[in-house]
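Now for the letters of each chain:
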Amino acid sequence: MARISLSTKDILQKQFKRSFRGFDIEEVDAFLDLIIRDYDTFQKEISFLQAENERLLTKVDELSRQATVSKVNRTSNVSSSGVTNFDILKRLSNLEKHVFDSKLEEGNGAHSSLDSTEDDDDFYKTRVITPLRDNDY
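Attention in this report is confined to the structure presented alongside it. These figures come from a predicted structure and were not determined experimentally.

1. Considering a negative patch on the surface
Taken together, the side chains of Asp24, Glu26, Glu27, Asp29 and Asp33 define an acidic patch exposed on the protein surface. Relative to the helices and strands, glutamate 27 resides in helix α2 (residues 25-81).

2. Let's talk about the pattern of salt bridges
Taken as a whole and assessed by the stated rule, the structure comprises two salt bridges. Residue lysine 44 is joined to aspartate 40 by a salt bridge in which the shortest nitrogen-to-oxygen separation is 3.5 Å. Separated by four residues within a single helix, lysine 44 and aspartate 40 lie in helix α2, roughly one turn from each other. Residue class for lysine 44 comes out exposed when judged on its relative accessible area of 56%. Two residues, arginine 55 and glutamate 52, come together in a salt bridge whose shortest N-O distance is 2.7 Å. In this pair, arginine 55 and glutamate 52 both sit in helix α2, three residues apart, roughly one turn of the helix. Note on arginine 55: relative accessible area 44%, which makes it partly exposed.

So, how was this worked out
- Residues numbered from 1 in each chain as written.
- Predicted model: local features only at pLDDT ≥ 70, side-chain atom pairs only at ≥ 80, totals over all residues.
- Heavy atoms only, no water.
- Patch = residues over 30% accessible without salt bridge, like charges linked within 9 Å, V, L, I, M, F, W, Y side chains within 5 Å.
- Areas by Shrake-Rupley, 256 points an atom, 1.4 Å probe, with all protein chains shown as cover.
- Salt bridge = Lys/Arg side-chain N within 4 Å of Asp/Glu carboxyl O.
- Lys, Arg positive; Asp, Glu negative; His and termini not counted.
- Charge placed at Lys NZ, Arg CZ, Asp CG, Glu CD.
- Helix = DSSP H or I, 4+ residues; strand = E, 2+ residues; numbered from the N terminus.
- Buried < 20%, exposed > 50% of the residue type's maximum accessible area, 1.4 Å probe, protein only.

This is a description of form; function is not addressed.
See below:
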């Protein structure tokens, strides 16, 4: 970034040489006053933006650390619980078999029963909410 050459004080204390055919001193002073106000506003804005940038960089660093810690925790939680996608799919398959087989048997007037106790165990491990179909009312 380019270095700023003048400060507000430098502009305020600037003295111009006087000459017979020179500029109107009051007009030059009024213009310099305007430049000083703008320059001061720019300096305040730069300071504010630098502070805001530092705050946001700090927040990004903090959130990055939290995301890393959270990712590590999620990875360790999944591996420690031992539940995999395969286990979930197997339970879902057993559940579907139980629900659809019992619906078919109820439609035929037979009582629902499962052949294996393993299927019963998997069924009660999962909470199921089935949507209503038009013919269920």
